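Examination of the molecular architecture
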Amino acid sequence: MTSQKAINGLFATLSKLLEETFNVKPGPTYIPTRLNDWFGTPDPPPKRSPLDELILTILSQNTNDRNRDRAFSALVERFPHWKDVLSSSREELEKVISPAGLGPTKSRRIWRILLDIPGPDGENDGESLGDICHLSREEARERLTSLKGVGPKTAACVLLFSCGIPAFPVDTHIFRVCRRLGILKPGVDRVKAHWILEQFFYEKDYLDVHLNMIRLGREICRSRNPLCPGCPLGEVCPSFVDLMEKQGDR
């Protein structure tokens, strides 16, 4: 019996062939090219250690970049070494990261991760993620998601931004945009979306697409009142076509 994973992989391959042969849109070449033309090629984020990136990503959940960065700066100023966090208290950690919001939840996740990560000798050292960047993508992803509170998006951020391992993080903006574009079908959850979009886009485009699609979701393809007429992907977006047809029927 053919697995769903094999079917999805075949679909992604056929989508790329159709786009390249017959200029079918939207596709894995058209989207990154159009977004780069519209927004420019994005600057990559600063390269951090895997553990730094992991904790920064946890702080980024359900907040904006400004509050995330305020919380991270306060955290590294108060605790120069990650093991110093464990010499403190959960309550103090929660207070330090309060600018990022959701302090009780995020402090609990960070504390648990620092307790669980192994050191070079297999014992916990609370300082690093070891050889994570030297593993294969799937091995590294499995190790990261084995940590309590680390899901596929957080793991993909560590792999892409810190390790340079091709992975495609799917945040709420990217999930919304790709659903409206029809790349993600109804019923696809965010976990499965990571695998589908990693198959859909070329690895060389992961970083640019990720950053520019987040910008698209924040500025244009908003959750409420999207600015469809000003969208660089409007001409190939089924949601925009539906909107225009509805307005034409009035």
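Everything in this summary refers to the structure shown in the same document. What you see is a predicted model, and the numbers here were worked out from it, not measured in a lab.

Let us now look at the overall build of the protein. What the protein contains, in helices and strands, is 13 helices and zero strands. Scanning the protein from its N terminus toward the C terminus, one meets helices and strands in the order α-α-α-α-α-α-α-α-α-α-α-α-α. Among the 250 residues that make up the protein, the fraction classed as buried is 44%. For the protein, restricting intrachain contacts to residue pairs at least 6 apart in sequence, the fraction spanning at least 24 positions comes to 62%.

As a further point, take the pattern of salt bridges. Taken as a whole and assessed by the stated rule, the structure comprises 14 salt bridges. Among the ionic pairs, Lys-204 bridges to Asp-205, the shortest N-O distance being 3.2 Å. Connected through shared salt-bridge partners, Arg-137, Glu-138, Arg-141, Glu-198 and Glu-203 make up one network.

Let us look at unusual backbone geometry. Most peptide bonds are trans, and most residues other than glycine sit at a negative phi. Within the chain, Asn-62 stands out as a residue other than glycine whose phi angle is a positive 60°. Considering the arrangement of structural elements, one finds Asn-62 in the loop between helix 3 (50–60) and helix 4 (65–78). With relative accessibility at 73%, the residue Asn-62 sits in the exposed group. Positive phi, close to 50°, is recorded for Leu-102, a residue that is not glycine.

Glancing now at the side chain of His-210. Inspection of the secondary structure assignment puts His-210 in helix 12 (residues 206–219). Taking relative accessible area as the criterion, His-210 reaches 5% and is therefore assigned buried. For His-210, the side chain forms a polar contact with the main-chain oxygen of Pro-169, separated by 3.0 Å. Ignoring any residue separated from it by four or fewer positions in sequence, one finds His-210 in contact with Phe-161, Phe-168, Pro-169 and Ile-174.

Okay, the packing of aromatic side chains next. Under the counting rule described, the total for this entry stands at four aromatic pairs. Taking 6.3 Å as the distance between ring centres and 50° as the angle between the ring planes, the aromatic pair formed by Phe-72 and Trp-82 counts as tilted. You can see Phe-72 sitting in helix 4 and its partner Trp-82 sitting in helix 5 (residues 82–86), a full ten residues away along the chain. The class for Trp-82 is buried, based on a relative accessible area of 7%. Their ring planes at 25° and their centres at 5.5 Å tell us that Phe-168 and Phe-201 sit as a pair that is stacked. Here Phe-168, found in the loop between helix 9 (152–163) and helix 10 (172–181), pairs with Phe-201, found in the loop between helix 11 (190–200) and helix 12; they are 33 residues apart in sequence, far enough to count as distant.

The next thing to look at is the packing of helix 2 (residues 30–39) against helix 12. Remark: helix 2 packs on helix 12, axes separated minimally by 10 Å, with the N-to-C direction vectors making an angle of 65°. Crossing geometry of helix 2 relative to helix 12 is assigned as left-handed. Touching Ile-31, Pro-32, Leu-35, Asn-36 and Phe-39 of helix 2 are Asp-208, Val-209, Asn-212, Met-213, Arg-215, Leu-216 and Glu-219, all from helix 12. Considering only residue class, the contact of helix 2 with helix 12 consists of seven nonpolar, two polar and three charged.

Let us look at the environment of Thr-105. With respect to the helices and strands, the residue Thr-105 is situated in helix 7 (residues 103–116). Residue class for Thr-105 comes out partly exposed when judged on its relative accessible area of 26%.

Calculation rules
- Position numbers for residues start from 1 in each chain and track the written sequence from start to end.
- Since the coordinates come from a predicted model, pLDDT governs what is reported: local features require at least 70, and pairs of side-chain atoms require 80 or more to be given and counted, while whole-chain, interface and lining totals use all residues.
- Just so you know, side-chain values use all the structure's heavy atoms and leave hydrogens and water out.
- The helix count covers DSSP runs of H or I at least four residues long, the strand count covers runs of E at least two residues long, and both are numbered beginning at the N terminus.
- Buried means the residue's accessible area, taken with a 1.4 Å probe over protein chains only, is under 20% of the maximum for its type, while exposed means over 50%, and partly exposed covers the values in between.
- In this description, contact between two residues means that some pair of their heavy atoms is separated by no more than 4.5 Å.
- When a carboxyl oxygen of Asp or Glu lies within 4 Å of a side-chain nitrogen of Lys or Arg, that pair is called a salt bridge.
- Polar contacts, as used here, are pairs of N or O atoms within 3.5 Å; protein pairs need one atom able to donate a hydrogen and one able to accept it. Residues neighboring in sequence count only if both atoms are side-chain atoms.
- Stacked, edge-to-face and tilted are the three classes for Phe, Tyr and Trp ring pairs, Trp counted by its six-membered ring, which pair at centre distances within 6.5 Å; planes under 30 degrees apart are stacked, over 60 edge-to-face, the rest tilted.
- What counts as an axis is a line fitted to C-alpha atoms, over the stretch in contact for a helix, and the angles between N-to-C directions run from 0 to 180 degrees.
- Less than a right angle of anticlockwise turn of the near helix away from the far helix marks a crossing as left-handed, whereas a clockwise turn marks it as right-handed.
- Residues are grouped as follows: nonpolar covers Ala, Val, Leu, Ile, Met, Phe, Trp, Tyr, Cys and Pro; charged covers Asp, Glu, Lys and Arg; every other residue, Gly included, is treated as polar.

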